[in-house]
Amino acid sequence: MRPIRQTALLLLLIGCNSIASAQPAAESARNAEAAAGAPAASYERITSVEGITEYRFGNGLQVLLFPDPSSSTVTVNMTYLVGSVDEGYGETGMAHLLEHMLFKGTPAHPDPTRELRDRGASYNGTTSWERTNYFETFEATADNLEWALEFEADRMQNARVSQEDLDSEMTVVRNEFERSENSPTNVLFNRVLSTAYVWHGYGNPPIGSRADIENVPIERLQAFYRRHYQPDNAVLVVAGRIDEAETLALIAEHFGTIPRPDRELVENYTVEPVQDGERVVKLSRVGDLPTVIVGFHSPDGAHEDFVPLQVAARVLSDTPSGRLYRALVETGLATQVGSDELQLKDPGMVLFFAALPPDGDVEQVRDIMIGTIDDLAMNPITDEEVERIRNQGLSSIERLMNNSQAVSLQLSEWAASGDWRLFFLDRDRVRAVTAEHAQTAAGSYFKSSNRTVGLFEPDESPDRAIIPEKPDLVALLDGYTGDAERSVGEAFDPSPANIDARTIRRELPGIELALLPKETRGDQVNVTIRLHYGDLDSLWGKDTTASLTASMLMRGTESRTRQEIQDELDRLQSRLGVGGGAGTVSASIQSTRENLAEVLELAFDVLRQPVFPESELRILKDNAIASIQAQRSEPDAIVSQALSRYYRQNYERGDPRYRPTFDEAIEDLRAVEASDLQAFHADFYGASSAHVIAVGDFDPDTFAGLVESGLSGWESTGDYDEIVEPYPEPVPGPVNRSFDTPDKENAYFRAFLPVQMNDTHADYPAMVLGHYILGSGLSSRLAARIRGAEGLSYGVSAGFSAPSNADGAQFNAQAIAAPENIPQVEASFLDEMANVLGDGYTDDEVSSAQSAWLQARQVSRSQDGALVGLLASNLHDDRTMAYHADLESRVAELTAEDVLDAMSRHIDLEDMIIMKAGDFDE
């Protein structure tokens, strides 16, 4: 049930590792030389489950292919079965540091991030305890696929792991470490794990220790690379619109000739001993919200006890039905509860957490948490509770299976857990779990002697939880085939012209519809409903009320409670999200053709018949206030609020465009009553100015009829006049401010400039492309210098945005860094901006950026969720895709001189607004 694991507690990626056990070959070795002239390389077809086929090459490389003709993209995911548990003493963080180093290039690919960006790729690398993966998603072309496979094969053998690159990247990784150190919750999580695990590597976070990051010898890093980055320790997943035979031929060509290494990897053999008493750890540092974590050792992720134990954890932690939620959140003792179940190759942990208001009593909450968990013995888990959690898990898995990119990433997690087929076996176990199974698992592992929260306390007669041995995965999965393959969608052309040709526009009284029916994988359909209302005068002083009204819609209607709404969505394996602010409320739906009508009916009920329960409003307000309190000491929140207030200083309090202080925001929240929300809904909500957009597998006539019956006749009171944010008059002058945030190891830098422009301005295309080159991706000007060359920041970027209906465009740049490095970050930023505005870009920079930007837009339009948003914007702006085609044509025609002229005309460094926050005294 990993796909719906709650991750609010984690700020690091949790994964797993192990070399998968292969099934006997299903067919004899074949020779790839027969296909496309590839060199000889033998491979075996191992097994196939639900459209995913495993192959094993002679050099040990494991390959998983997942053809998805409904996708217009292809994802290449290269996973090495090595992570932080493979690090030796003094090497913590080495696997993660090496992940960064592999983006430094090879002799054949000296600047891979630029090559990736030039191809419009979405890419990343991540490191966990037992695996490191690198993935890239491109537009599905033969050239892109071959480039990606050649690139991954090249950096498997020829990565430039040099002292020079280590010197700059070490500070970037250290900055990433410092960023995680800013969060007391993340630090507490790491402390709990390091206390729970005495010997096993799971006690060390993959980010590593500061000292090891700073001092690791290059020779050890190079040896680590040569030992683990080999074909017999790798899993290659290729998913999306691919031809399986052609893909295998390309893999054989680029990977098949890499020899199997002559070294042997020794499987990690450390076994964590049975815990023999409760452990307690306390953390003292600057922060705003108290937190309690209670953890228990669990079996490994493949063990038959894990899913029942996971279900028991969700019964306790689910929102809003969970027992911990009712005991702590509904009583006001906590603002949030949740759980994380670490489903790993070796025995992991189940952790519960609670976030408290600033004045919360951690000892009281700890006692209630433990008491609620222990109470399972007296009040066993019910069939109804298990059914709810089962439906949530299966709904999450079902949605994931309709996204080949997401599946490709999940497969590497399960391969690291022991075998990729565990993904399907785990789902089957979710289907079969019972209340009795969950109750038995809870009784076996949720024991006081197996618990970690803090101080050590002797126990004269410890009741220890014995962690069972891992199962034999070969025997466990022998002959496993899983479900039948699901339906696949069409090969959709995401060009602007085809989108316009396929989009059906209709009008009902007060309602405009944009409908794009097409065949999709798993018969998916995405829908957005937007209701527009009010104007500046009528919404004056009602911004907080408007936001709370939208946030409360899913918390109960005249016919359904909050829990019943969620249960219905889980039953229908669908998602419904509602949100909004002053002037607009939006409902977003992800469902299937079969269930769409019922989900629409539910959405109309949520929009039209909310009841605004007092108890739910109190929980929502408490959580919102706690969130604001948590921002008071955070560098990024402080800078963002200060900058926004400075930029919007012309607006008065009461204007929806006004940015309140932290205290004002809390004051506004506390002042709102349920009766205010009821009155606001009655006064403003309606379908007199509504947009409805649908993309996916549906019948347009039936859909339009459902919308008409659900919304027609529901009229708003008053006219709608959109609240826009024009170019400020007077313009706020340049300023440079610093804010001190004690005990925060990561600082935040922000630069901002208002620009008088909308998205139809003659210079808009050049501004978009110029700032794309400046601050988009790791190969951008700013990132290449501040992160790549100087190693000052883990994250640095810049961008430009302009509205369609006003002239208040904005330039933004931001970076994180160690506080002592912020002055150099600022100096480098200003110097690089001066270089750009003085000398401009090269013809090659502009040409490659044009290609990358256009490909990225094409890839974005191939995603149904993004396409729904694009069609919604078109309705709002009264446009067709012709606007986007024209914009792309204008960008494609730009020269380096055009870009320089536009940027130098609209960007003046003398007018820049700069703000930064960090522990500068320290």
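Remember, it's a predicted structure, so these values are computed and weren't measured experimentally. (Residues numbered from 1 in each chain as written. Predicted model: local features only at pLDDT ≥ 70, side-chain atom pairs only at ≥ 80, totals over all residues. Heavy atoms only, no water.)

Q: Before we go on, may I ask you to explain the overall build of the protein chain in this structure?
A: From N to C terminus, the protein chain includes 32 helices and 24 strands. In terms of C-alpha radius of gyration, the protein chain reaches 28 Å, essentially the compact-globule figure of 29 Å for 922 residues. For the protein chain, buried positions account for 59% of its 922 residues. For the protein chain, restricting intrachain contacts to residue pairs at least 6 apart in sequence, the fraction spanning at least 24 positions comes to 82%. Approximately 34500 Å² of the protein chain is accessible, and the part contributed by carbon and sulfur atoms is 46%. (Helix = DSSP H or I, 4+ residues; strand = E, 2+ residues; numbered from the N terminus. Rg over C-alpha atoms; globule rule 2.2 N^0.38 Å. Buried < 20%, exposed > 50% of the residue type's maximum accessible area, 1.4 Å probe, protein only. Contact = heavy atoms within 4.5 Å. Areas by Shrake-Rupley, 256 points an atom, 1.4 Å probe, with all protein chains shown as cover.)

Q: Any chance you could explain the packing of aromatic side chains here in plain terms?
A: Note on aromatic pairs: each is described by the distance of the centres and the angle between the planes. Evaluation of the coordinates by the stated rule reveals 27 aromatic pairs. On the basis of an interplanar angle of 45 degrees and a centroid distance of 4.9 Å, the ring pair of phenylalanine 296 and phenylalanine 446 is categorised as tilted. Pair noted here: phenylalanine 296 is in strand β10 (residues 291-297) and phenylalanine 446 is in the loop between α15 (435-445) and β13 (451-453), with a separation of 150 residues, a long-range link. For the pair phenylalanine 296 and phenylalanine 446, one class covers both residues: buried. An angle of 85 degrees between the planes, with centres 6.4 Å apart, marks the rings of tryptophan 420 and phenylalanine 424 as edge-to-face. As far as the burial class goes, tryptophan 420 and phenylalanine 424 line up, both buried. Feature note: the residues Tyr80, Phe103, Tyr123, Tyr134, Tyr225 and Tyr229 constitute an aromatic cluster, connected by ring pairs. Lying across the ring of phenylalanine 103, arginine 155 places its NZ or CZ 4.9 Å from the centre. (Phe/Tyr/Trp six-rings, centres within 6.5 Å; stacked < 30°, edge-to-face > 60°. Lys NZ or Arg CZ within 6 Å of the ring centre and 35° of its normal.)

Q: Which parts of the structure should I look at to understand the sheet that holds strand β22 (residues 796-801)?
A: Strands pair in a sheet through their backbones, by hydrogen bonds, and they do so in one of two ways: parallel or antiparallel. Read from one edge to the other, the open sheet built from five strands follows the order β20-β24-β21-β23-β22, with strand pairing classed as mixed. With one partner strand each, in any of the chains shown, β20 (735-740) and β22 form the two edges of the open sheet. When the angles between neighbouring strand axes are averaged without regard to direction, this sheet yields 10 degrees. Two elements, strand β21 (residues 747-756) and strand β24 (residues 913-918), share five bridges in a ladder whose sense is antiparallel. (Pairing = 2+ DSSP bridges. Axes fitted to C-alpha atoms, helices over the stretch in contact; angles between N-to-C directions.)

Q: Sorry if this is basic, but what is going on with the environment of proline 635 here?
A: Counting through the fold element by element, proline 635 comes out in helix α22 (residues 635-647). Note: C-alpha distance between proline 635 and glutamate 267 (368 residues apart in sequence) is 43 Å. When neighbours within four sequence positions are excluded, proline 635 is seen to be in contact with Asn182, Thr741, Lys744, Asn746, Tyr748 and Ala917.

Q: Whenever I open this one, the nonpolar core confuses me. Can you help?
A: When a protein is soluble and globular, its nonpolar side chains tend to lie buried together. Grouped together as the largest cluster of nonpolar side chains are 57 residues, with contacts concentrated most on Val527, Ile529, Leu576 and Phe703. The biggest single contributor to this core is helix α20 (residues 596-608), with eight residues. Residues contacting leucine 576, with those up to four places away along its chain left out, are Met554, Leu569, Ala587, Ser588, Ile589, Leu602, Ala603 and Val606. Leu61, Met170, Ile207 and Ile213 belong to the second-largest nonpolar core, a separate cluster that totals 55 residues. (Core = buried A, V, L, I, M, F, W, Y, C linked by side-chain atoms within 4.5 Å.)

Q: Can you help me understand the pairing of strand β12 (residues 349-355) in this one?
A: Consecutive side chains of a regular strand alternate in pointing toward one face of the sheet and then the other. Within β12, seven of the seven residues are buried, which leaves the element mostly enclosed by the surrounding structure. The alternating pattern of β12 places Met349, Leu351, Phe353 and Ala355 and Val350, Phe352 and Ala354 on opposite faces, both of which are buried. Sheet topology places β10 next to β12; seven bridges connect them, and they run antiparallel. When the sheet's bridge partners are listed, phenylalanine 296 is paired in β12 with valine 350. Where strand β11 (residues 336-341) and β12 come together, six bridges link them in antiparallel fashion. Bridging across to β12, glutamine 336 finds its partner in alanine 355.

Q: Looking at this structure, I do not really get helix α3 (residues 142-158). What am I missing?
A: For an α-helix, 3.6 residues make a turn, and residues three or four places apart therefore share a direction. For α3, spanning 17 residues, the distance from its first C-alpha to its last is 24 Å, which sits close to the expected 24 Å at 1.5 Å a residue. Where α3 is concerned, the buried positions are Asn144, Leu145, Trp147, Ala148, Leu149, Phe151, Glu152, Ala153, Asp154, Arg155 and Met156. (Expected span 1.5 Å × (residues − 1).)

Q: Would you mind showing me how to read the side chain of threonine 106 here?
A: Along the polypeptide, threonine 106 turns up in the loop between α1 (94-101) and α2 (112-118). Separated by 2.4 Å, the side chains of threonine 106 and aspartate 154 make a polar contact. For threonine 106, the contacting residues outside a window of four places in its chain are Asp154, Arg155, Asn158, Ala159 and Arg160. (Polar contact = N/O pair within 3.5 Å; in protein donor to acceptor, adjacent residues only side chain to side chain.)

Q: Help me out: how do you make sense of the packing of α1 against helix α7 (residues 218-228) in this one?
A: Between two packed helices, the angle of one axis relative to the other and the distance separating the axes together describe the packing. Put simply, α1 and α7 touch, their axes get as near as 10 Å, and they point 85 degrees apart. As summarised for this structure, α1 and α7 are arranged roughly perpendicular, according to the angle between their axes. Contacts from Met94, Ala95, Leu97, Leu98 and Met101 in α1 reach Arg220, Leu221, Phe224 and Tyr225 in α7. The class makeup of the residues in the contact of α1 with α7 is eight nonpolar, no polar and one charged. (Parallel < 35°, antiparallel > 145°, perpendicular 65-115°, else oblique. Nonpolar A, V, L, I, M, F, W, Y, C, P; charged D, E, K, R; others polar.)

Q: I would appreciate a short explanation of helix α11 (residues 362-374) in the present structure.
A: Look at α11: 18 Å from first C-alpha to last across 13 residues, which is about the 18 Å you get at 1.5 Å a residue. For α11, the complete set of buried residues consists of Val365, Met369, Ile370, Thr372 and Ile373. The arc that holds every buried residue of α11, seen down its axis, measures 160 degrees, which confines them to one face. Of the residues that open α11, the one with a side-chain oxygen 3.1 Å from the backbone nitrogen of glutamate 363 is aspartate 361. (Arc of directions from axis to C-beta.)

Q: Hey, could you run me through the sheet that holds strand β19 (residues 690-696) in this one?
A: The six strands are arranged β14-β15-β19-β16-β18-β17 in an open sheet whose pairing can be described as mixed. Both outer strands of the open sheet, β14 (504-508) and β17 (575-581), are each paired with one neighbouring strand and no more. Taking each pair of neighbouring strands and ignoring which way they run, the sheet shows an average axis angle of 15 degrees. Two elements, β14 and strand β15 (residues 511-517), share five bridges in a ladder whose sense is antiparallel. Bridge pairing links arginine 506 to leucine 513 in β15. Packing against the sheet, helix α25 (residues 700-711) makes contact with β14, β15, β16 (524-532) and β19, and its axis sits at approximately 155 degrees to β15.

Q: Just to check I follow, could you spell out the pairing of β21 for this structure?
A: Within β21, nine of the 10 residues are buried, leaving the element largely enclosed by the surrounding structure. Here β21 runs beside strand β23 (residues 808-817); their pairing, made up of 10 bridges, is antiparallel. Looking at the pairing, glutamine 756 lines up with glycine 808 of β23.

Q: Quick question: what am I supposed to make of the pattern of salt bridges here?
A: Any two side chains of opposite charge can pair, on the condition that their charged atoms come close. Counted under the stated rule, the structure contains 63 salt bridges. Residue arginine 427 is joined to aspartate 428 by a salt bridge in which the shortest nitrogen-to-oxygen separation is 3.1 Å. For arginine 427, a relative accessible area of 5% corresponds to the buried category. In this structure, glutamate 725 and arginine 648 form a salt bridge, with 3.0 Å as the shortest nitrogen-oxygen distance. Of this pair, glutamate 725 sits in the loop between α25 and β20 while arginine 648 sits in the loop between α22 and α23 (662-671), placing them 77 residues apart in sequence. Among the charged side chains, a salt-bridge network with shared partners connects Arg781, Arg785, Glu790, Asp831, Glu832 and Glu845. (Salt bridge = Lys/Arg side-chain N within 4 Å of Asp/Glu carboxyl O.)

Q: What exactly am I supposed to notice about the packing of helix α12 (residues 383-401) against helix α19 (residues 562-571) here?
A: Two elements in contact, α12 and α19, have axes whose closest approach is 8 Å; the angle formed by their N-to-C orientations is 50 degrees. In terms of orientation, α12 and α19 fall into the oblique class. Like other packed secondary-structure pairs, α12 and α19 cross with a definite hand, here left-handed. Residues Arg388, Asn391, Gln392 and Ser395 of α12 form the contact with α19, whose participating residues are Gln563, Asp567 and Asp570. When its residues are assigned to classes, the contact of α12 with α19 shows no nonpolar, four polar and three charged. (Left-handed = near helix turned anticlockwise from the far one by under 90°.)

Q: Can you help me understand the environment of serine 615 in this one?
A: With respect to the helices, strands and loops of the structure, serine 615 is situated in helix α21 (residues 614-631). Judged by its relative accessible area of 46%, serine 615 is partly exposed.

Q: Just checking my understanding: could you explain unusual backbone geometry for this structure?
A: Trans peptide bonds make up the majority, and among non-glycine residues the majority have a negative phi. Residue proline 320 is reached from threonine 319 by a cis peptide bond, and omega for that bond is 5 degrees. Looking at the secondary structure, you find proline 320 in the loop between α9 (306-317) and α10 (323-329). The omega torsion across glutamate 729 and proline 730 is 0 degrees, close enough to zero to call that bond cis. Structurally, the position occupied by proline 730 is in the loop between α25 and β20. One non-glycine residue, glutamate 50, adopts positive backbone phi at about 50 degrees. Among the secondary structure elements, glutamate 50 is positioned in the loop between β2 (42-49) and β3 (52-57). The buried category is assigned to glutamate 50, whose relative accessible area is 8%. For aspartate 878, which is not a glycine, the phi torsion comes out positive at approximately 55 degrees.

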